[in-house]
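Listed below, chain by chain, are the residues.
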Amino acid sequence: MPRYDYDLFVIGGGSGGVRAARLAAKLGKKVAIAEEYRLGGTCVIRGCVPKKLFVYASQFHEHFEDAVGYGWTVGETSFDWPTLIKNKDAEIDRLESLYSKGLENAGADIFCGRAVLEDAHTLRLSCQDMVVTADQIVIATGSKPSEHIALPGFDLAIDSNDAFHLEELPKSILIYGGGYIAVEFANIFHGLGVETTLLYRGVEILGRFDKDVRRGLHDAMSRKGIRIITRDNLRKLEKRDDGRIDACLHNADEALPFDKVMMAIGRSPNTDGLGLEAAGVESDQKGAVCVDKLSRTNVKNIWALGDVTDRVQLTPVAIHEAMCLIQTLYHDNPTEPDYGCIPTAVFSQPEIGTVGLSEDDACEQYENIEIYKATFRPMRNTLAKRDERMLIKLVVDGDSRRVVGCHILGPDAGEMAQILGIAVKAQLTKDAFDSTMALHPSAAEELVTMYEPSYRVKNGERVTE
């Protein structure tokens, strides 16, 4: 029987990879993990965590404005970008050390460098120019910002990774994209005082979200002063003599000048130069590692999880996949990840929280749909005189009465979506919502006080009562 240096070797130190390595090591397995950048991966180092810190920073200018209506006198305020970067970096350092300590305490070996597959059981480590072997291998290298290399002048643009390390805050920025990363950064930069333009080639931003929340957010962003251009595309980028960047659009006669241009056109699996071919591991046209329902590749001892598989690119999903993998590998309990009813938030301003099916998706799956919808000004905006409305929407299967989708636009929408995720996952009915006592005064009470449907949809057509 072959002997290997490790029972399990994990390539990639993001949330999923670290969870798999730590759990296996705690079971007494000999485990190693290799990370070529920093432990914590995209989410902790240059994704969810620093982005949320930036979101908080960008909200304060509205908090200062709103305070006046509540009797507070706010003096002259100013924002210092280097201070935010310094404090953000300190928090990221703290979190990275926790990941490292967790692995060390579990007994895993950590290699700070790149690991490349040489065959199904062999890896070469760049940090020490050494070769190690492993019985089982997990690929968890995550994803990276997609590049637009076909665009002339693409190298003049920054991506979401670069945005966390800018030496100074630009006066103006063009963000190219219409997904949640583009939308969140548009709100961040605008909130920090940057003249912000969002450019998207599609018809509407956030195309995969429910139509009411995405249209409501579009209107709110526009009222705040964010310029949103849809149904147009970049033709080229050119450097100006003054150091700014000219963005040439297909549907505009004159170029638009910006201090920075940011690409936010999605993320691609991080598999370049990983040695997949040498190990015989199959990947798709995007470079994503192909896996079955148990996260196993076509090579029986090699597994993959997280963004590198291009299934669902969310940190909690990668962690869930890792936990399922450990059950499959070491507990004689083959466990498939469950991708149903995943709560999702867009940390825009106002915020989006959603779980389950959109109205359009529900119409494709169910014959009879009931829509419950409330639009109102949240109490926190009343004395502040802020003209920003909140939307709460429930999508219900009219036959079973099961709530199949919840969508919120407004303050703390993400927090509410997490709680609603339990209700939707548990397949609660609208009757269960109706029988729940309201918590007053709160915005969330609308979830349990919408007793009559706003309208019904039958076979995809809105029904006139």
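Residues numbered from 1 in each chain as written. Predicted model: local features only at pLDDT ≥ 70, side-chain atom pairs only at ≥ 80, totals over all residues. Heavy atoms only, no water.

**A look at the pairing of strand β6 (residues 130–139)**
Inspection of the sheet shows strand β1 (residues 6–11) paired to β6 by 5 bridges, in the parallel sense. What sits directly across from Tyr6, in β6, is Ala134. Here strand β5 (residues 122–125) hands over to β6 after 4 residues, with Asp129 in that stretch at a positive phi of 45°. Pairing between β6 and strand β16 (residues 302–304): 3 bridges, direction parallel. Residue pairing across strands places Ile137 opposite Ile302, the latter belonging to β16. (Pairing = 2+ DSSP bridges. Helix = DSSP H or I, 4+ residues; strand = E, 2+ residues; numbered from the N terminus.)

**Quick word on the environment of Asp119**
When you line up the elements, Asp119 lands in the loop between β4 (115–117) and β5. Classification of Asp119 as partly exposed rests on a relative accessible area of 33%. With 159 residues separating them in the primary sequence, Asp119 and Ala278 have C-alpha atoms 5.4 Å apart. Those residues in contact with Asp119, other than ones at most four positions away along the chain, are Ala278 and Ala279. Within the local environment of Asp119, its side chain forms a polar contact with the backbone nitrogen of His121, the two atoms lying 2.8 Å apart. At 2.8 Å, the side chain of Asp119 and the backbone nitrogen of Thr122 are in polar contact. (Buried < 20%, exposed > 50% of the residue type's maximum accessible area, 1.4 Å probe, protein only. Contact = heavy atoms within 4.5 Å. Polar contact = N/O pair within 3.5 Å; in protein donor to acceptor, adjacent residues only side chain to side chain.)

**Side note on the sheet that holds strand β11 (residues 234–239)**
Backbone-to-backbone hydrogen bonds join strands into a sheet, with any given pair of strands oriented parallel or antiparallel. Ordered in space as β11-β12-β13, the 3 strands form an open sheet in which the pairing is antiparallel. Across the chains shown, the open sheet's two edge strands, defined by having one partner strand only, are β11 and β13 (256–258). With strand direction ignored, the average angle separating the axes of adjacent strands in the sheet is 25°. Alignment of β11 against strand β12 (residues 245–249), held across 5 bridges, turns out to be antiparallel. Within the sheet, the bridge partner assigned to Leu237 lies in β12 and is Ala247. (Axes fitted to C-alpha atoms, helices over the stretch in contact; angles between N-to-C directions.)

**Here we look at the sheet that holds strand β10 (residues 227–230)**
Reading across the sheet, the 4 strands line up as β10-β9-β8-β14 and stay open at both edges, with parallel pairing between neighbours. Two strands lie at the open edges of the sheet, namely β10 and β14 (260–263), each paired on one side alone. Strand-to-strand twist in this sheet, taken as the mean axis angle between neighbours without regard to direction, amounts to 20°. When strand β8 (residues 172–176) meets β14, the two strands line up parallel, connected through 4 bridges. Bridge pairing in β14 links Leu174 to Val261.

**A short note on the nonpolar core**
Within the largest apolar cluster, 37 residues are counted, with the highest numbers of intra-cluster contacts made by Ile175, Phe185, Phe189, Leu198 and Met221. The set of elements that each furnish at least two residues to this core consists of α3 (48–69), α4 (81–106), β8, α6 (180–191) and α7 (211–224). Here this core gets 7 residues from one element, more than from any other, and that element is α6. With residues near it in sequence (within four places) discarded, Phe189 still touches Ala163, Leu166, Leu169, Pro170, Ile173, Ile175, Val194, Thr196 and Met262. (Core = buried A, V, L, I, M, F, W, Y, C linked by side-chain atoms within 4.5 Å.)

**Regarding the packing of aromatic side chains**
Inspection of every chain in the model, using the stated rule, returns 8 aromatic pairs. Ring centres of Tyr6 and Phe9 lie 6.1 Å apart, and the angle between their planes is 75°; on these two criteria the pair is classed as edge-to-face. Of the residues examined, Tyr6 reaches a relative accessible area of 8% and is grouped as buried. Three or more aromatic residues link up through ring pairs in this structure, and these residues are Phe54, Trp81, Phe164, Phe185 and Phe189. Over the ring of Tyr37 we find Arg46; its NZ or CZ atom is 4.2 Å from the centre of that ring. Looking at Arg462, its charged tip hangs above the ring of Tyr455, at a distance of 3.7 Å from the centre. (Phe/Tyr/Trp six-rings, centres within 6.5 Å; stacked < 30°, edge-to-face > 60°. Lys NZ or Arg CZ within 6 Å of the ring centre and 35° of its normal.)

**Quick notes on helix α9 (residues 315–330)**
Here α9 is 16 residues long and its end C-alpha atoms lie 23 Å apart, about the 22 Å a rise of 1.5 Å per residue gives. Where α9 is concerned, the buried positions are Val317, Ala318, Ile319, Glu321, Ala322, Cys324, Leu325, Ile326 and Thr328. Residues of α9 that are buried make contact with α1 (15–26), β6 and β16. A positive backbone phi angle near 50° is found at Asp332, which sits one or two residues after α9. (Expected span 1.5 Å × (residues − 1).)

**A few points about the environment of Val312**
Considering the arrangement of structural elements, one finds Val312 in the loop between β16 and α9. Taking the C-alpha atoms as reference points, Val312 and Thr464, 152 residues apart in sequence, are found 38 Å from one another. Not counting residues within four places of it along the chain, the set of residues in contact with Val312 comprises Asp307, Val317, Tyr339 and Ile342.

**Focus on a nonpolar patch on the surface**
There is a patch of nonpolar side chains on the surface, built from Tyr56, Phe60, Phe64, Tyr70, Trp72, Val74 and Leu383 and spanning about 720 Å² of accessible area. Positionally, Tyr56 belongs in helix α3. (Patch = residues over 30% accessible without salt bridge, like charges linked within 9 Å, V, L, I, M, F, W, Y side chains within 5 Å. Areas by Shrake-Rupley, 256 points an atom, 1.4 Å probe, with all protein chains shown as cover. Salt bridge = Lys/Arg side-chain N within 4 Å of Asp/Glu carboxyl O.)

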